[in-house]
Amino acid sequence: MSPLPIIFLKTKSSPTDPYDKYFAENPLEIAGTTYNAENIFVPVLQHQHINLSQLEKLVLGQNSEYHGMIITSQRAVEALGAVLDKHRDCPETQEFLKITKVYVVGPATCTAVINLGFSASNVLGKECGNGKVLSQFILEDYNTCCESAATDRLPLLFLNNEKRGDIIPKSLSGVEEHRCVPLQELVVYETKVVNCFSEEFAKAMEATKGQERWVVVFSPTGADAAWDVLRDGINKEEDDSETFWASIGPTTEVHMIEKIGKRPDVVAARPSPEGTWNGIRDFMLKKIEQN
């Protein structure tokens, strides 16, 4: 067996982290060698909810009228959950949960939204692996619903953070005028880099020095923070040829290419443990075949 250090640039979820669990339970069998993941978690971001009183008015107010919501992150789910928990027993809340359509990215966000109490049949986008795919899904679903039911084209409420990408807003507005989807956005959480990130990431890189290893990046901010550590000279003397980078999706990939000039070796086909692990496996298989 051969250890394979995997440095996840994220906070380890409690009580069980799906990446830690999946990578530990699925060793890679490649060319007669078994690779066991050595999972290392380095928290990058800390989050704080904001605008919750405004969110409460928008989703539970008497004059609240939306076709549905867009939620693409666990942090936005948590912000909404904080509002709903205050009014969990109110009839208005139960009705809101029963009738509201929610568009999500991927299975993890889908499960989290359903766990808030929304009807599973109204939570759509489980199979959409990124914002671009979700946008196309929304365009089709929204326009089909409005045309078939002859309903007003009410806006979607998009819950996000101050650093959200432009893919969804631009995609929903960048089509023929009669197909555009009206959108209202609300920033419900803000993020900043954890104070000790540089030190902890440097420690992880030093501890795995001289080994083939992977750094898994979950956000553009995480990519920037990690690259700042390397650029500032930590591990400067180290041979970087055995350090490989995996991006959780195309948004982070584009940011890495355009902003820091680094193309990730792997981009997960889906933003999930399985999608990321499969991408790493396929890359390592191809690498061995080429050698």
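My aim in this report is to walk through the structure given alongside it, one point at a time. (Residues numbered from 1 in each chain as written. Predicted model: local features only at pLDDT ≥ 70, side-chain atom pairs only at ≥ 80, totals over all residues. Heavy atoms only, no water.)

Another aspect to go through is the overall build of the protein. Looking only at helices and strands, the protein features eleven helices and twelve strands. For the protein, the spread of C-alpha atoms along the three principal axes comes to 60 × 35 × 35 Å. Sorting the 291 residues of the protein into buried and exposed places 45% on the buried side. A sequence separation of at least 24 residues applies to 73% of the contacts in the protein between residues at least 6 apart. With an accessible surface of roughly 14900 Å², the protein has 48% of that area assigned to carbon and sulfur atoms. In the protein, which carries 29 positive and 41 negative side-chain charges, the distance between the mean positions of the two groups comes to 1 Å. (Helix = DSSP H or I, 4+ residues; strand = E, 2+ residues; numbered from the N terminus. Buried < 20%, exposed > 50% of the residue type's maximum accessible area, 1.4 Å probe, protein only. Contact = heavy atoms within 4.5 Å. Areas by Shrake-Rupley, 256 points an atom, 1.4 Å probe, with all protein chains shown as cover. Lys, Arg positive; Asp, Glu negative; His and termini not counted. Charge placed at Lys NZ, Arg CZ, Asp CG, Glu CD.)

This paragraph deals with the sheet that holds strand β2 (residues 28-30). The strand order across the open sheet built from six strands is β2-β3-β1-β10-β11-β12, with neighbouring strands paired in mixed fashion. On the outer flanks of this sheet lie β2 and β12 (266-267), each paired with one strand and no other. Here strand β1 (residues 2-9) runs beside strand β10 (residues 213-217); their pairing, made up of four bridges, is parallel. Within β10, the position partnered with F8 by the bridge is V216. Against the sheet, helix α8 (residues 197-207) engages β1, β3 (33-41), β10 and β11 (243-247), with an angle of about 170° to β1. Packing of helix α10 (residues 250-260) onto the sheet brings it into contact with β10, β11 and β12, and relative to β11 it is tilted by some 130°. (Pairing = 2+ DSSP bridges. Axes fitted to C-alpha atoms, helices over the stretch in contact; angles between N-to-C directions.)

On to the sheet that holds strand β7 (residues 123-124), then. Within a sheet, neighbouring strands are paired by backbone hydrogen bonds and run either parallel or antiparallel to one another. In spatial order, the strands read β4-β9-β8-β5-β6-β7; together these six strands make up an open sheet with mixed pairing. The open sheet has two edge strands with one neighbour each: β4 (45-49) and β7. Bridge analysis of β4 against strand β9 (residues 183-193) gives five bridges, and the strand direction is antiparallel. By the bridge assignment, Q48 is partnered in β9 with E190.

The next thing to look at is helix α4 (residues 91-99). An α-helical segment advances 3.6 residues per turn. Residues three or four places apart therefore align on the same side. Of all the positions in α4, only T93, F96 and L97 are classed as buried. Summarising the axial view, the buried residues of α4 lie within an arc of 95°, below the 170-degree limit, and thus occupy one face. What points out from α4, more than 90 degrees from its buried face, is the exposed set P91, E92, K98 and I99. The secondary structure elements touched by the buried residues of α4 are α2 (52-60), β5 (68-71) and α3 (74-86). (Arc of directions from axis to C-beta.)

Residues G68 and I70 of β5 are buried on one face, and the alternating residues M69 and I71, pointing to the opposite face, are buried as well. Where β5 lies against strand β8 (residues 156-161), four bridges are found, and the strand directions are parallel. For G68, the partnering residue across the bridge sits in β8 and is L156. Sheet analysis places β5 next to strand β6 (residues 102-104), joined by three bridges and oriented parallel. Paired with M69 across the strands is V102, a residue of β6.

This brings us to the packing of aromatic side chains. Overall, the coordinates contain 14 aromatic pairs when judged by the stated rule. A connected cluster of aromatic rings, assembled from ring pairs, spans F8, Y19, F23, F41, F218 and W277. K10 extends its terminal NZ or CZ atom over the ring of F218, reaching a point 5.9 Å from the ring centre. (Phe/Tyr/Trp six-rings, centres within 6.5 Å; stacked < 30°, edge-to-face > 60°. Lys NZ or Arg CZ within 6 Å of the ring centre and 35° of its normal.)

Moving on, we get to the pattern of salt bridges. Summed over the entire model, instances satisfying the criterion amount to 14 salt bridges. Between D17 and K10 there is a salt bridge, and its shortest N-O distance comes to 2.5 Å. Residue D17 shares its accessibility class with K10, and that shared class is buried. Between R270 and E127 there is a salt bridge, with the nearest N and O atoms lying 4.0 Å from each other. Pair noted here: R270 is in the loop between β12 and α11 (273-290) and E127 is in the loop between β7 and α6 (131-149), with a separation of 143 residues, a long-range link. R270 sits in the partly exposed class, given a relative accessible area of 33%. On the basis of relative accessibility, which here comes to 60%, the residue E127 falls in the exposed class. It is possible to trace a salt-bridge network through shared partners that takes in E199, E200 and K203. (Salt bridge = Lys/Arg side-chain N within 4 Å of Asp/Glu carboxyl O.)

Looking at where V42 falls in the secondary structure, it is placed in the loop between β3 and β4. In this structure V42 comes out as buried when scored by relative accessible area, which is 2%. Not counting residues within four places of it along the chain, the set of residues in contact with V42 comprises I7, F8, L9, K10, F197, E200, F201 and A204.

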